[in-house]
Amino acid sequence: MRRRLFISLGAAGMCSVLTGCGNDGQEGFNLRDVPSGPIVLGFSQVGSESGWREANTASIKKAAERNRITLKFDNADGDQKKQIAAIQSYIAAEVNVIAFSPVVETGWDAVLRQARDAGIPVVLTDRLIETSDESLYVSSIGAEFASEGNLAALYLENDYEDTSGHVNVVELLGTRGSSPAKLRTEGFRETASRHGKLRVMDSETGNWTVAGGEAAMKKLLRRVKDIDAVFAQNDDMGLGAIKALQAAGKKPGTDVRIVTVDATRAGLTALVAGKLNYVVECSPEIGEQLMEVVVDLFFGGQVQKRVESQKAVFDSDSAADALPDRTY
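Residues numbered from 1 in each chain as written. Predicted model: local features only at pLDDT ≥ 70, side-chain atom pairs only at ≥ 80, totals over all residues. Heavy atoms only, no water.

A. Main features of the nonpolar core. Formed by 29 residues in total, the largest nonpolar core has its most connected members in L172, M217, V230 and L268. Ignoring sequence-local partners within four residues, the contact set of L172 consists of E204, G213, A216, M217, L220, V230, F231, A232, Q233, M237 and A241. In terms of nonpolar packing, the next biggest core, distinct from the first, is built from 22 residues, I60, V123, V293 and V295 among them. (Core = buried A, V, L, I, M, F, W, Y, C linked by side-chain atoms within 4.5 Å. Buried < 20%, exposed > 50% of the residue type's maximum accessible area, 1.4 Å probe, protein only. Contact = heavy atoms within 4.5 Å.)

Spelled out as structure tokens, the structure:
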């Protein structure tokens, strides 16, 4: 009897990937015969730009160790060329599965065709790619970024429900060309446009970091006279916005309301302190979900094309309840 791992698939449902419920992610692949010896996973991480990313890396490394999967790990440091080189090295090493969190959405078809030709299935984690050939990857694991933007805008709409006039909002964006930055913007603006109360005045890239968020917020404060609220696409940029607002003599969370995405310990701490107003969770702890997919691919099972990670929302009260058990 082969080994099975029983792990929750979160919002994607509890159906077993072995039974093939959902889409068959192996379409277009001619997988090699199952080898003897350990399962080998080649994983290329996008970088280490934030606390969220570091927690994501830790989750994957711990889950690989727990499941006795040999992990070949590389950090691309935000460089697509370096990430492509890492994937090519995994192909040359004949790993069993390749997984990566792509630096940007485009430019992956050539290297993923190489993986497919070698019979090595590819799994996307956290982020998505833009391709006309979805058979180049067998599964993607992560959050629904557009819905995170929807939730952030919905909170601000409700928070300003009793005020008259427009609410002037600025956005702190992640790395341009990355799927979370693109889709969180689309989701936020889609919801904001429904009633027209929220007016997006300007945006600036903060590249997911505290320092980047602070610098971006300073630029926006110079360009936009009246700012009511900030949508920061991750906690770290929101924490940077707090610094910039304080330096400008404004009280974050009161004079300017701030909504972020991630729900890291640092973000929830700022929420409890009243410096952030609302946080949408995007859990980095997808290691076990990835290892379940890797094991099923190794044994020739079918996997879901899309596996959703955990999602929740936090105000100051729920953040205070969650903080004692927060692992990242």
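Having seen it, we continue.
B. Highlighting the pairing of strand β1 (residues 39–45). For β1, a buried count of seven out of seven residues is recorded, marking the element as mostly surrounded by other parts of the structure. Of the two faces of β1, the one carrying I39, L41, F43 and Q45 and the one carrying V40, G42 and S44 are both buried. Two strands pair when backbone bridges link them, and β1 and strand β2 (residues 69–75) are joined in this way by seven bridges, in the parallel orientation. For G42, the partnering residue across the bridge sits in β2 and is K72. Note on the crossover from β1 through helix α1 (residues 51–66) to β2: the handedness is right-handed. Where β1 lies against strand β3 (residues 97–100), four bridges are found, and the strand directions are parallel. Bridging across to β3, S44 finds its partner in F100. (Helix = DSSP H or I, 4+ residues; strand = E, 2+ residues; numbered from the N terminus. Pairing = 2+ DSSP bridges. Right-handed = clockwise from strand over helix to strand, strands pointing away.)

C. Main features of the side chain of S50. Looking at the element boundaries, S50 is found in the loop between β1 and α1. Note on S50: relative accessible area 6%, which makes it buried. Not counting residues up to four positions away in its chain, the partners in contact with S50 are W208, N234 and D236.

D. Highlighting the sheet that holds β2. On the basis of which strands lie adjacent, the open sheet formed by six strands has the order β2-β1-β3-β4-β5-β11 and parallel pairing. The outermost strands of the open sheet, each flanked by one partner alone, are β2 and β11 (306–308). The average angle at which neighbouring strand axes cross in this sheet is 20 degrees, direction not considered. Relative to strand β4 (residues 122–125), β3 runs parallel, the two sharing three bridges. Following the sheet pairing, A99 is matched in β4 by V123. Packing of α1 onto the sheet brings it into contact with β1 and β2, and relative to β2 it is tilted by some 155 degrees. (Axes fitted to C-alpha atoms, helices over the stretch in contact; angles between N-to-C directions.)

E. Structural view of the side chain of R184. Note that R184 resides in helix α5 (residues 179–195). Reaching out from R184, the side chain makes a polar contact with the side chain of E148 at a distance of 2.7 Å. Looking at R184, its side chain comes within polar contact range of the main-chain oxygen of Q233, at 2.7 Å. Discounting chain neighbours no more than four positions away, the residues touching R184 are F145, E148, G149, W208, F231, Q233, V261, D262 and C282. (Polar contact = N/O pair within 3.5 Å; in protein donor to acceptor, adjacent residues only side chain to side chain.)

F. Quick look at empty space enclosed by the protein. If you walk through the whole model with that rule in mind, you get two cavities of 30 Å³ or more. By volume, the largest cavity amounts to about 100 Å³. If you trace the largest cavity, you find it lined by E49, S50, W52, R53, D126, R127, P180, R184, W208, N234 and D262. Counting residues per element, the ones that place at least two in the lining of the largest cavity are α1 and α5. Space inside the second largest cavity adds up to approximately 30 Å³. Around the second largest cavity, the lining residues are A143, E144, E148, E281, E308, S309, Q310 and K311. (1 Å grid on protein atoms, 1.4 Å probe; cavity = no way out; pocket = protein on both sides within 12 Å on 5 of 7 lines; lining within 4 Å. Points joined across faces, edges and corners; volume = space filled by probe spheres on them.)

G. Local environment of the sheet that holds strand β12 (residues 313–314). The strand order β7-β6-β8-β9-β10-β12 describes an open sheet built from six strands, whose pairing is mixed. The open sheet has two free edges, formed respectively by β7 (198–205) and β12, since each of these has just one partner strand. Sitting on the sheet, helix α4 (residues 145–159) touches β6 (167–173), β7, β8 (229–232), β9 (257–262), β10 (278–281) and β12, and the angle it makes with β10 is about 160 degrees.

H. Layout of the pairing of β3. On β3, burial covers both faces: V97 and A99 on one face and I98 and F100 on the other are all buried. With helix α3 (residues 109–117) bridging β3 and its parallel neighbour β4, the resulting β-α-β unit is right-handed.

I. Summary view of the packing of aromatic side chains. In the structure shown here, the tally under the stated rule is five aromatic pairs. Ring centres of F188 and F231 lie 4.6 Å apart, and the angle between their planes is 10 degrees; on these two criteria the pair is classed as stacked. Here F231 lies in strand β8 and F188 lies in helix α5, a separation of 43 residues in the sequence. As far as the burial class goes, F188 and F231 line up, both buried. Centre to centre, the rings of F298 and F299 are 5.1 Å apart; their planes meet at 90 degrees, and the pair counts as edge-to-face. The class of F298 is buried, set by a relative accessible area of 9%. Residue F299 is classed as partly exposed on the basis of its relative accessible area, which comes to 30%. Against the face of F73 rests K61, its NZ or CZ located 4.5 Å from the ring centre. When the ring centre of Y160 is taken as origin, the NZ or CZ atom of R257, which lies over that ring, is 4.2 Å away. (Phe/Tyr/Trp six-rings, centres within 6.5 Å; stacked < 30°, edge-to-face > 60°. Lys NZ or Arg CZ within 6 Å of the ring centre and 35° of its normal.)

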